[in-house]
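Summary of the model geometry
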Amino acid sequence: EAGVAQSPRYKIIEKRQSVAFWCNPISGHATLYWYQQILGQGPKLLIQFQNNGVVDDSQLPKDRFSAERLKGVDSTLKIQPAKLEDSAVYLCASSSETGRGHGYTFGSGTRLTVV
Amino acid sequence: AQSVTQLGSHVSVSEGALVLLRCNYSSSVPPYLFWYVQYPNQGLQLLLKYTSAATLVKGINGFEAEFKKSETSFHLTKPSAHMSDAAEYFCAVSSGGYQKVTFGTGTKLQVIP
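Residues numbered from 1 in each chain as written. Chains lettered and ligands numbered in written order. Predicted model: local features only at pLDDT ≥ 70, side-chain atom pairs only at ≥ 80, totals over all residues. Heavy atoms only, no water.

Let's talk about the interface of chain B and chain A
- With 24 residues of chain B in contact, the opposing surface of chain A contributes 30 residues.
- In this assembly, chain B packs against chain A so that about 2000 Å² is buried in total across both faces, 47% of it on carbon and sulfur atoms.
- Applying the counting criterion to the chain B and chain A interface returns zero salt bridges.
- Counting the contacts that link chain B with chain A gives four residue pairs in polar contact (both at pLDDT 80 or more).
- Elements represented by at least two residues in the side of chain B that touches chain A include exactly strand S4 (32-38), strand S5 (44-50), strand S9 (87-94) and strand S10 (101-103) of chain B.
- For the side of chain B that touches chain A, the element with the most residues is S4(B), which contributes four residues.
- In the side of chain B that touches chain A, the residues fall into eleven nonpolar, eleven polar and two charged. (Contact = heavy atoms within 4.5 Å. Buried area = accessible area lost by both parts, 1.4 Å probe. Salt bridge = Lys/Arg side-chain N within 4 Å of Asp/Glu carboxyl O. Polar contact = N/O pair within 3.5 Å; in protein donor to acceptor, adjacent residues only side chain to side chain. Helix = DSSP H or I, 4+ residues; strand = E, 2+ residues; numbered from the N terminus. Nonpolar A, V, L, I, M, F, W, Y, C, P; charged D, E, K, R; others polar.)

Shown next as structure tokens:
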């Protein structure tokens, strides 16, 4: 089966600019996650979708970050305006189950550098 | 609240030696526990998971982990390290609904020829 697709792989922007990332989960996976991984740290959950509804966005900086998952399939994550501290790898993951204990399938991530 | 602590941000072993990566967890309910591996410039790949069945869990690439409730630990082991095992390893815990998962800070494994 095809994996989780993310684009772009790399992005360099200046601070205060905007940027968007795209994720296409594994077909049929109802649950989709966006994680932020800062260099030297573990991934931090930004937002979790169940189909096209938001389950958890408690750690999403809503003044600058937004995400949507139209039709319960693809998702986009946007940052506007970007700050230097947003430099990180943004990982998308999906899962077929809603219950606990099911591992995720991750995409390769988008590496964002804000200069 | 849930958390994991990975002891040692960097671990070096000789090729053929035992690999031991340490993880301790904190959870208010019986946890589900995971180990993921991340190769350079790639996403995370699930190595193995504990879901309250057998306490000794076998994963891919010869890795295994043992859940020890009394020690709140879930250490990852492999009897004999290969050069291809060099990567970063993340321990993770889930104790909430909707699969909320918290990751540790990771351990970079270096394998010395």
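Comments concerning the nonpolar core
- With 26 residues, the main nonpolar core has Trp35(B), Leu48(B), Leu76(B) and Tyr89(B) as its most contacted residues.
- Put simply, the parts of the chain that give this core at least two residues each are strand S2 (10-14), strand S3 (19-26), S4, S5, strand S7 (64-68), strand S8 (73-78), S9 and strand S11 (107-112) of chain B.
- Among the nonpolar cores identified, the runner-up in size contains 21 residues, and Phe65(A), Leu77(A), Ala82(A) and Cys92(A) belong to it. (Core = buried A, V, L, I, M, F, W, Y, C linked by side-chain atoms within 4.5 Å. Buried < 20%, exposed > 50% of the residue type's maximum accessible area, 1.4 Å probe, protein only.)

So, the sheet that holds strand S6 (residues 56-58) of chain B
Residue and element names in this part refer to chain B.
- A sheet is described by the order of its strands in space; here five strands give the open sequence S1-S3-S8-S7-S6, paired in antiparallel fashion. Both outer strands of the open sheet, strand S1 (3-7) and S6, are each paired with one neighbouring strand and no more. Averaged over all pairs of adjacent strands, the angle between strand axes in this sheet comes to 20°, irrespective of strand direction.
- Note: S1 against S3, five bridges, orientation antiparallel. By the bridge assignment, valine 4 is partnered in S3 with tyrosine 25. (Pairing = 2+ DSSP bridges. Axes fitted to C-alpha atoms, helices over the stretch in contact; angles between N-to-C directions.)

Quick notes on the layout of surface pockets
- Each pocket or cavity is described by its volume, and for the largest pocket that value is around 530 Å³.
- Together, 27 residues line the largest pocket, and Leu39(A), Val89(A), Arg111(A), Gln38(B) and Glu88(B) are the ones closest to its centre.
- Within the residue set of the lining of the largest pocket, elements represented by two or more residues are strand S9 (88-95) and strand S11 (110-114) of chain A together with S9 and S11 of chain B.
- When its residues are assigned to classes, the lining of the largest pocket shows twelve nonpolar, eleven polar and four charged.
- Each pocket or cavity is described by its volume, and for the second largest pocket that value is around 260 Å³.
- The set of elements that each furnish at least two residues to the lining of the second largest pocket consists of strand S5 (44-50) of chain A together with S10 of chain B.
- Among the elements that make up the lining of the second largest pocket, the one with the highest residue count is S10(B) (three residues).
- When the residues that make up the lining of the second largest pocket are grouped by side-chain class, the tally is five nonpolar, eight polar and two charged. (1 Å grid on protein atoms, 1.4 Å probe; cavity = no way out; pocket = protein on both sides within 12 Å on 5 of 7 lines; lining within 4 Å. Points joined across faces, edges and corners; volume = space filled by probe spheres on them.)

Let's talk about the side chain of Asp56(A)
- You can see Asp56(A) is positioned in strand S6 (residues 53-56).
- Residue classification places Asp56(A) among the buried positions, given a relative accessible area of 14%.
- Here the side chain of Asp56(A) touches Ser58(A) through a polar contact of 2.8 Å, side chain to side chain.
- Apart from the residues lying within four places of it in its own chain, the contact partners of Asp56(A) are Leu45(A), Leu46(A), Ile47(A), Gln48(A) and Lys100(B).

So, to be careful, I would describe these as geometric facts and stop short of saying anything about function.
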